[in-house]
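Residue strings, one per chain:
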Amino acid sequence: MSVEVYYDDDADLGLIQGRKVAVIGYGSQGHAHALSLRDSGVDVVIGLPAGSKSRPKAEEQGLRVLTPAEAAAEADVIMILAPDTAQRALYAESIAPNLTPGKAIFFGHGFNIRYDLIKPPADVDVAMVAPKGPGHLVRRQYVDGKGVPCLVAVEQDASGNAFALALSYAKAIGGTRAGAIRTTFKEETETDLFGEQAVLCGGASALVQTGFEVLTEAGYAPEVAYFECLHELKLIVDLMYEGGIARMRYSISDTAEYGDLTRGPRVIDARVKEEMRKILSEIQSGEFARELVAEEEAGRPNFTKWRAEGAAHPIEETGRKLRDMMSWVDRPITETA
Ligand SMILES: NC(=O)C1=CN([C@@H]2O[C@H](COP(=O)(O)OP(=O)(O)OC[C@H]3O[C@@H](n4cnc5c(N)ncnc54)[C@H](OP(=O)(O)O)[C@@H]3O)[C@@H](O)[C@H]2O)C=CC1
Ligand SMILES: CC[C@](O)(C(C)=O)C(=O)O
Ligand SMILES: [Mg+2]
Ligand SMILES: [Mg+2]
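About the thresholds
- Residues numbered from 1 in each chain as written.
- Chains lettered and ligands numbered in written order.
- Predicted model: local features only at pLDDT ≥ 70, side-chain atom pairs only at ≥ 80, totals over all residues.
- Heavy atoms only, no water.
- Pairing = 2+ DSSP bridges.
- Helix = DSSP H or I, 4+ residues; strand = E, 2+ residues; numbered from the N terminus.
- Donors = N, O, S within 2.8 Å, 3.2 Å for Na, K, Ca; no water.
- UniProt positions renumbered as here; feature names shortened; annotations may be inferred.
- Contact = heavy atoms within 4.5 Å.
- Near = heavy atom within 4 Å.
- Polar contact = N/O pair within 3.5 Å; in protein donor to acceptor, adjacent residues only side chain to side chain.
- Areas by Shrake-Rupley, 256 points an atom, 1.4 Å probe, with all protein chains shown as cover.
- Nonpolar A, V, L, I, M, F, W, Y, C, P; charged D, E, K, R; others polar.
- Expected span 1.5 Å × (residues − 1).
- Bend = angle between axes of the 7 residues up to and from the residue.
- Buried < 20%, exposed > 50% of the residue type's maximum accessible area, 1.4 Å probe, protein only.

### Side note on the sheet that holds strand β8 (residues 150–156)
As summarised here, the arrangement of the 9 strands in space is β1-β9-β8-β7-β6-β5-β2-β3-β4, forming an open sheet in which the pairing is mixed. This sheet does not close on itself; its edge strands, each paired only once, are β1 (5–6) and β4 (65–66). In terms of strand pairing, β8 meets strand β9 (residues 180–182) through 3 bridges, oriented parallel. Within β9, the residue paired with C150 across the bridge is A180.

### With respect to the coordination of the magnesium ion (ligand 4)
Protein-derived coordination of the magnesium ion (ligand 4) comes from D192 (OD) and E196 (OE), at a distance range of 2.1 Å. Separating the magnesium ion (ligand 4) from the magnesium ion (ligand 3) is a gap of 3.4 Å, bridged by D192, which donates to each. Remark: E196 and D192 occur in helix α10 (residues 185–200); sequence separation between them is 4 residues, near one turn of the helix.

### A short note on the UniProt feature "binding site: Mg(2+) 1" (unreviewed entry) in the chain
Mapped onto this numbering, the UniProt entry annotates "binding site: Mg(2+) 1" (unreviewed entry) at D192 and E196. Setting aside residues no more than four positions away along its own chain, D192 makes contact with H109 and K132. In contact with E196, other than residues within four places in its own chain, are C201 and G202.

### Re the site of ligand 1
Neighbouring residues of ligand 1: 24 residues in total, closest Y26, Q29, S52, S54 and D84. Within the backbone of S28, one N or O atom sits 2.9 Å away from an oxygen atom of ligand 1. Within the contact set of ligand 1, an oxygen atom lies 3.3 Å away from a side-chain nitrogen or oxygen of Q87. Relative to its free-state accessible area of 890 Å², ligand 1 is covered by the protein chains to the extent of 73%. Listed by contribution, the elements that provide at least two residues to the shell around ligand 1 are α2 (28–39) and α5 (87–95). Split into classes, the residues belonging to the shell around ligand 1 amount to 11 nonpolar, 11 polar and 2 charged.

### As for helix α12 (residues 222–251)
Here α12 contains 30 residues, and its C-alpha end-to-end distance of 26 Å is more than 12% below the 44 Å for a straight helix at 1.5 Å per residue. Along α12, the largest kink reaches about 125° and is centred on G243. Within α12, the full set of buried residues consists of A225, Y226, C229, H231, L239 and M248. Buried positions along α12 lie against α11 (202–217), α13 (254–267) and α17 (314–323).

### Here we look at unusual backbone geometry
Although it is not a glycine, D116 adopts a positive phi angle of roughly 60°. Among the secondary structure elements, D116 is positioned in the loop between α6 (111–114) and β7 (125–131). D116 gets classed as exposed once you look at its relative accessible area, which sits at 52%.

Rendered as C-alpha cells:
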C-alpha cells in the first residue's frame, strides 16, 4: 500500500499565515512549533496555565503568553501540545468554551481524539500535524533549513479546507521540506503507541537494562557492560538509520554478523512476537488508553514508583560517570528551548 507524500510545493504557506494560531503547551513539541511558526511569519500566541514553569521560557523567546482559555479565544487555529493525559480536562475547561464555529483544533498526536476523550463540535476542523521526531530535533532541523517528516491527518473537515490548512501548518514548521505523509488519527495513534511501547522506548530500554544486568550479575565490570549494552547501541542504530539493517551488517565484523543472525532471533523469539501482538491488541481495543487515564486520575501512583525505580537502576550511575569522560556528549537536548 503506497502513502501520499506532500512537499513544500504542495502546501500554501499563506493559509496559516492568514490565521492566528494558539499553541497550547510549550514543551518539547510546543516550543518547536511556536518558534518555527513565528519564524515562518505566522501570528502565534502561547497558551499556558498561570503557574506553568514553561511561561518564562516562552516569554524569553519573545512570545506572547496568555492562559489557554485566552489564547484559544483569540485564535483561529488552536494546536494542543500539552501532555496527552492533561488534554481532556484542558479541553473541557479552556478550549471547548472558545471553540466557536469555523475555528480549527489541531493535535500533535491523535490519542485524545482516537479514544473519544475529546469530542469537538461538528462545526470546527479537526486535524493533526505530528512530526515523527522529538520536538528539539524538529526545531533544530527547521533552523538548519531542513525539516523532520511529519504525519498529517484530518478527522473532521467542517470547512472543506482542513487538509490544505494542516499542510500549510506542516510547511510552517519545516515538515513539508522533508515530506508530510497523509494518514488517519487511528493509524497515527495506534502505530505511535505501539512503536514507543514495543520497540523504541519500552523494548529498547528493557533490552539494554536486561543485557547490562546479565553481564554485571556474571561479574563483568559495569563500565564495560555499559559500553556494550548502551553506549554502542547509538553507533549501531546510526548505521541502521543511515542504510537499514543491511548497511549495519555490512559495517560490523563477520563475527558480530554471525552472532546477530544466529542469536538475535533467540532473544526476540516467537514468545516476544506474541507479546508484541498482545500489546498491539491492548492499544487497538482501548485497554491501554483506559489504563493510562485511570493511572492519571489516581494521581500516578504506579507511574511515579516505576519512574523512580528506573532512575535508580545501576546502569544510570555507571552512565553518569562514563559520560563525564566523553567530551563530545555535551550538547544538552534542551538547548533550543
Ligand atoms: N515529545 C515529542 O517529541 C513528541 C510529542 N508528541 C505529542 O505532542 C504533545 C505534547 O507532548 P510534549 O511536547 O512531549 O509535551 P511536554 O511534556 O514536553 O510539554 C508539555 C507542555 O504543556 C504544558 N502544560 C502542562 N499542563 C498543561 C495544561 N493543563 N494546559 C496547558 N499547558 C499545559 C507544560 O507546561 P509546564 O512546563 O508547566 O509543565 C509544557 O509546556 C503530546 O500530544 C505528544 O504525544 C508527538 C510527537 C513527538
Ligand atoms: C517515541 C516517543 C514519541 O512517540 C515520539 C518522540 O515520537 C513520544 O510520544 O514522545
Ligand atoms: Mg512518536
Ligand atoms: Mg508518542
